[in-house]
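# Coordinates in review
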Amino acid sequence: MRRIYCVGRNYVAHVREMGGDESRDPPIFFQKPTDSIVQDGSSIPYPPMTGNYHYELELVVAIKKGGRDIPVADALDHIYGYGIGLDMTRRDLQMDLGKSGLPWEAGKAFDESCPCSPLHPVEQVGHISEGSICLTVDGETKQDSDLRLMIWKVPEIIANLSKYFMLQPGDIILTGTPAGVGPVVPGNKLVGSIDRLGKLTVRVSG
C-alpha cells in the first residue's frame, strides 16, 4: 500500500449533521499514514488526547493504475477493487482544529485510525456504485444508508483527486461516510457492512 486518501463530507445527511453546507463544493481531501491500517478482526486502542472517539464507515477504493488528470469517463479503469474501511476520528480535536483554521491531522491521522477489510477485486464483485452501507455498535444500528447517496461518485472522486496528486498503484481512497457518526468507548464491538463486500469487525480496547 502506498497512500491513504480520504474524502470528507460526501453524504448530504452527514454534512448536515456536522453543521456544514451540503452544496456540491469541490470534495475535501486529507490523508492518513499507511501504518494506520488495522486488519479485520483486530482490537483498536482508545487513543490518547481525546474524550470523543468517533467511527465513520466508508467504502474503500483501491487503485491499480496510476495517473494524473484522469478523465471521469476513464476512472473506473484505474480501480483494482473495493473494501470496507473505518475513518476513526478524535472528533473533539478535529472540531477544535477546524474552528481555528488548522489542519485535521491530529484528529484524523493517528495510530491505528484506519481499520480496513480485505480488498475484493473488480473481477469478483464488479464496480460498486449503490447498495447498503451499515454500521452497528454492540448490535445496535448507528449508520444505515446507500452508496448511491454519495454527493461525489467514485469516478468523480478519482478524477478530482488526480488533479491534486499523481495517483499510483497501491493507493486507497476512503470515499466519505453517511450520517450517524458517533462516539465509542472501550469494550464496544463495531461491525461495518457493505453490499457485496461482506463485513469489517473491530473492537475498541481500553
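Here, the structure is the one placed above.
These lines cover the structure that appears in this document, whether it is placed above or below. Bear in mind the structure is a predicted one, so any value in this text is a computation, not a measurement.

Definitions and cut-offs
Residues numbered from 1 in each chain as written. Predicted model: local features only at pLDDT ≥ 70, side-chain atom pairs only at ≥ 80, totals over all residues. Heavy atoms only, no water. Pairing = 2+ DSSP bridges. Helix = DSSP H or I, 4+ residues; strand = E, 2+ residues; numbered from the N terminus. Salt bridge = Lys/Arg side-chain N within 4 Å of Asp/Glu carboxyl O. Buried < 20%, exposed > 50% of the residue type's maximum accessible area, 1.4 Å probe, protein only.

This part takes up the pairing of strand β12 (residues 140-146). Of the pairings in the sheet, the one linking strand β11 (residues 132-137) to β12 comprises six bridges and is antiparallel in character. Bridge assignment links I133 to a residue of β12, and that residue is S145. The antiparallel pairing of β11 with β12 creates a hairpin that spans two residues between the two strands, and D138 there sits at a positive phi of about 50°.

Taken together, the three strands give an open sheet; going across it, the order is β8-β5-β14, and neighbouring strands pair in antiparallel fashion. Unpaired on one side and paired on the other, β8 (89-90) and β14 (182-183) mark the two borders of the sheet. Summarising the sheet, strand β5 (residues 53-55) and β14 pair through two bridges and their orientation is antiparallel. When the bridges of β14 are listed, Y55 appears paired with G182.

Taken as a whole and judged by the stated rule, the model has seven salt bridges. A salt bridge links E56 to K108; the shortest N-O distance between them is 3.2 Å. With a gap of 52 residues between them, E56 in the loop between β5 and β6 (57-63) and K108 in helix α3 (residues 105-108) connect regions that are remote in the sequence. No difference in accessibility class separates E56 from K108, as the two residues are buried. The network of salt bridges with common partners includes K32, E56, D87, R91 and K108.

Geometric descriptors of this kind do not, in isolation, establish any biological role.
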